[in-house]
Amino acid sequence: MPEVSVLIPSLLRPVTGGQEELRLDVDTGGATVAELLDAIGAQYPVFNRRVRDETGTLRRFVNIYLDGDDVRRLDGLKTRVAAGAEVMVMQSVAGG
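Rules behind the numbers
- Position labels on residues start from 1 in each chain and follow its written sequence.
- Whole-chain, interface and lining totals are the exception, using all residues; otherwise, since this is a predicted model, local features are given only for residues with pLDDT of at least 70 and side-chain atom pairs are given and counted only at 80 or more.
- Heavy atoms from the whole structure form the basis of all side-chain values; hydrogens and water molecules are not counted.
- In this scheme, strands are said to pair when DSSP sees at least two bridges between them.
- Put simply, DSSP H or I for four residues or longer makes a helix, DSSP E for two residues or longer makes a strand, and each gets a number counted from the N terminus.
- Contact definition: two residues touch when any of their heavy atoms are within 4.5 Å.
- Within 3.5 Å is the distance limit for a polar contact, defined as a pair of N or O atoms, with the added protein rule that one can donate a hydrogen and the other accept it, and that residues adjacent in sequence qualify only through two side-chain atoms.

### Some remarks on the pairing of strand β1 (residues 3–7)
For step 1, the next point in the chain: The sheet contact formed by β1 and strand β2 (residues 21–25) spans five bridges and is antiparallel. For Ser5, the partnering residue across the bridge sits in β2 and is Arg23.
For step 2, the next point in the chain: Relative to strand β7 (residues 86–91), β1 is paired through three bridges, and the arrangement is parallel. Each bridged residue has a counterpart across the sheet, and for Ser5 the counterpart in β7 is Glu86.

In structure tokens form, the structure reads like this:
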């Protein structure tokens, strides 16, 4: 079955069992970013809460890139992800 690779930042690895990459099966037509996050969240609920707020929107300091392009500049969580693509989740670190 076709897959999508989702790269997990070090700050979120503790909530994905230490995995730095998740491989998700997708249909030949791909999936949306939201569907990928739903699939990860079903297995790792804390991951979902760290990435999206209670309305399902990406948290302010979380960025997701599809093959290097920020999904906020594409179609947001509705962005289609084709099999073979690489999705990178980036969580900003703030502090002083």
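### Notes on the environment of Arg23
For step 1, the next point in the chain: If you trace the backbone, Arg23 turns up in strand β2.
For step 2, the next point in the chain: Placed 39 residues apart in sequence, Arg23 and Val62 show a C-alpha to C-alpha distance of 20 Å.
For step 3, the next point in the chain: When residues no more than four places from it in sequence are discounted, the contact partners of Arg23 are Glu3, Val4 and Ser5.
For step 4, the next point in the chain: At 3.3 Å, the side chain of Arg23 and the side chain of Glu21 are in polar contact.

### Re the side chain of Asp70
For step 1, the next point in the chain: The residue Asp70 is located in strand β5 (residues 69–70) in this model.
For step 2, the next point in the chain: With residues near it in sequence (within four places) discarded, Asp70 still touches Asn63, Ile64 and Tyr65.

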